[in-house]
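Examination of the molecular architecture
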Amino acid sequence: MTSSILGTGSALPEKIVTNDLLATIVDTNDEWIRDRTGICERRIATTETTTTLSVDAARIALEDAGISPEEIELIIVATLTPDGSMPNTACKVQAEIGATNAMCYELNAACAGFMYGVQTAHAFISSGILKHALIIGAETLSKIMDWTDRGTCVLFGDGAGAVVMGPSKEGIIAVEGGADGSKGHVLTCGNAPLINPFVRNEATSPYVDMDGQEVFKFAVRKIPEIVNALSAKGNVSPSDLDLVLLHQANKRIIQTAAKRLGLNEDIFPINLSKYGNTSAASIAILLDEANKSGQLKKGSLVALAGFGGGLTWAGILMKW
Ligand code: ACO
């Protein structure tokens, strides 16, 4: 017995922010952003929140799976941008959709968070502990951007994706993941300094800060390692893969990884041109698009891999 993905969904804010529009806010231009990243536009939340995007994506995934909210026993929301620290976003989703039989928690593994969540659900389901889980990746990164820093604010966007998982004879074949906390400083965002009547520590920047080149090097080294490890564990060759769904950080990262793996770029779908980097949401949104567009076919052999702040990384190999 393994677990598989029974349904997918995604939700995006209505507001589209093009590179040209960004150029009216910071000193940048469409050509620089497209050439260096592949991003043309992104969605930015104005009326939506991490919770509403999560709920919308979850409802679509449940309908796609044909599973009722009451059948869900676990909800995990992977996010680094919750609307508040308590109650957690999964509890808010539970209340909205009526998943009264679920335990609910958030998970923060930055851009690898959705993959960590899928792996957690896989462990619960394949061991028989529970049957159905709802895993969501959701972000409103726009609220943790320094909108005066052209080096970061052009890269990110808001959105959410969700999957419903359940037991299955075929599905997840192998998982791979890890973290290197010693390199955490290359991608950071804020902290909660200890401030109480007895001590007043310095606050640090509440915004995303990044050593772009170090992140780039980490990503293009780690993706081939994940895909090769998954292939070895699944007893397949990377050349057997029908699709590789990667965290959508930067087009050049994806192209370099494809090249290092010796695989055709065509099997690496890209949607970051429309949405930018949506961190924990990106693989979930991409998966929903690949599912609904028919790119994923029954029996497709697909690898998914995320990598991000922490530093964290995780992937799965599955038969669709
Ligand atoms: N518009 C115009 N010019 C810019 C912009 C911008 N938005 N941002 C930076 N520049 C300028 C810099 O000031 C610099 O100018 P200078 O040469 O006069 O000093 C020049 O462009 C080059 O800057 P670099 O930071 O060296 O540019 P680089 O080629 O490294 O590209 C980038 C930056 C796109 C961030 C790249 O490092 C990258 O792709 N890194 C991967 C990181 C990433 O994708 N992170 C996403 C989050 S992490 C994750 O999801 C895992």
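Residues numbered from 1 in each chain as written. Predicted model: local features only at pLDDT ≥ 70, side-chain atom pairs only at ≥ 80, totals over all residues. Heavy atoms only, no water.

**Topic: the packing of helix α3 (residues 50-65) against helix α4 (residues 89-97)**
Threshold: Axes here mean lines fitted to C-alpha atoms, for a helix over just the part in contact, with angles spanning 0 to 180 degrees between N-to-C directions. Every helix listed is a DSSP run of H or I at least four residues long, and every strand listed is a run of E at least two residues long, numbered separately from the N terminus. Small angles under 35 degrees read as roughly parallel and large ones over 145 as roughly antiparallel, with 65 to 115 read as roughly perpendicular and the rest as oblique. Should the near helix be turned counterclockwise from the far one by less than a right angle, the crossing is left-handed, whereas a clockwise turn marks it as right-handed. The criterion used for residue contact is that any of the two residues' heavy atoms lie within 4.5 Å.
Running from amino to carboxyl end, α3 crosses α4 at an angle of 55°, the nearest separation of the two axes being 9 Å. As far as their axial angle goes, α4 and α3 are oblique. Seen along the crossing, α3 lies across α4 with a hand that is right-handed. Two secondary-structure elements touch here, α3 through Thr50, Thr51, Ser54, Val55, Ala58, Arg59 and Leu62 and α4 through Thr89, Lys92, Val93, Glu96 and Ile97.

**Brief notes about the site of the ligand**
Condition: Throughout this document, a residue counts as near a molecule or strand when at least one of its heavy atoms sits within 4 Å of that molecule or strand. What qualifies as a polar contact is a pair of N or O atoms within 3.5 Å, subject to a donor-acceptor requirement within protein and to the restriction that residues adjacent in sequence count only when both atoms come from side chains. Lining residues are those with an atom within 4 Å of a point, where the points come from a 1 Å grid over the protein atoms alone and group into cavities, where a 1.4 Å probe fits but cannot get out, or pockets, open sets with protein on both sides within 12 Å along at least five of seven lines. Being in a pocket or cavity means that more than half of the molecule's atoms lie within 2 Å of its grid points.
Taken together, 24 residues lie around the ligand, and Thr28, Arg36, His247, Asn250 and Asn277 are the ones closest in. Gln213 is positioned such that a nitrogen or oxygen atom in its side chain is 2.9 Å from an oxygen atom of the ligand. A molecule is said to occupy a pocket when more than half its atoms come within 2 Å of that pocket's grid points, and by this definition the ligand occupies the largest pocket. Counting residues per element, the ones that place at least two in the shell around the ligand are α2 (30-37), α6 (150-153), α7 (212-233), α8 (251-261) and β14 (301-308).

**Regarding α8**
Convention followed: Each residue is assigned to one of three classes by its accessible area relative to the maximum for its type, calculated with a 1.4 Å probe on protein chains only: buried under 20%, partly exposed between the two thresholds, exposed over 50%. Throughout, the arc means that of the directions going from the helix axis to the C-beta atoms.
The complete set of buried residues in α8 reads Ile253, Ile254, Ala257, Ala258 and Leu261. The arc enclosing the buried residues of α8, seen along the axis, measures out at 130°, which places them on a common side. Relative to its buried face, α8 has exposed residues pointing more than 90 degrees away, namely Lys259 and Arg260. The elements touched by buried residues of α8 are α7, β13 (243-246), α9 (272-275) and β14. With a side-chain oxygen positioned 2.7 Å from the backbone nitrogen of Arg252, the residue opening α8 is Asn250. One or two positions beyond α8, positive phi appears at Gly262, with a value near 70°.

**Some thoughts on the sheet that holds strand β5 (residues 103-107)**
Going by this rule: Paired strands are those between which DSSP finds at least two bridges.
Pairing is mixed in the open sheet, where five strands are placed in the order β1-β7-β6-β4-β5. Sheet topology places β1 (2-11) and β5 at the edges, where each strand pairs with a single neighbour. Shown here is a sheet whose adjacent strand axes are inclined to one another by a mean of 20°, direction ignored. Both strand β4 (residues 74-78) and β5 contribute to a ladder of five bridges, which runs parallel. Bridging across to β5, Val77 finds its partner in Glu106. Sheet strands touched by helix α10 (residues 282-292): β1 and β7 (158-168). Its angle to β1, the strand with the most contacts, is close to 95°.

**Remarks on the sheet that holds strand β8 (residues 172-179)**
Pairing is mixed across the open sheet formed by four strands, whose spatial order is β8-β15-β14-β13. Of all the strands in the sheet, the pair left with one neighbour each is β8 and β13. Within the sheet, the average angular offset between the axes of one strand and its neighbour, ignoring direction, is 10°. Relative to β14, β13 is paired through four bridges, and the arrangement is parallel. If you follow Leu243 over to β14, its bridge partner there is Val302. The sheet contacts of α7 involve β8, β13, β14 and β15 (312-319), and relative to β15 the element is tilted by about 35°.

**As for the nonpolar core**
Here is the rule: The term nonpolar core refers to a set of buried residues drawn from Ala, Val, Leu, Ile, Met, Phe, Trp, Tyr and Cys, joined through side-chain atoms within 4.5 Å. An automatic or database domain assignment supplies the start and end points of every domain.
By size, the foremost hydrophobic cluster in this structure holds 45 residues, and its most contacted members are Leu241, Val244, Leu246, Phe268 and Phe307. Looking at this core, the elements that each hand over two or more residues are α7, β13, α8, β14 and β15. Here this core gets eight residues from one element, more than from any other, and that element is α7. Counting residues domain by domain, this core receives three or more from each of domain 1 (2-168) and domain 2 (174-319). In this view, Leu246 contacts Ile223, Ile254, Ala257, Phe268, Ile283, Leu286 and Ala305; residues no more than four positions away in its chain are not counted.

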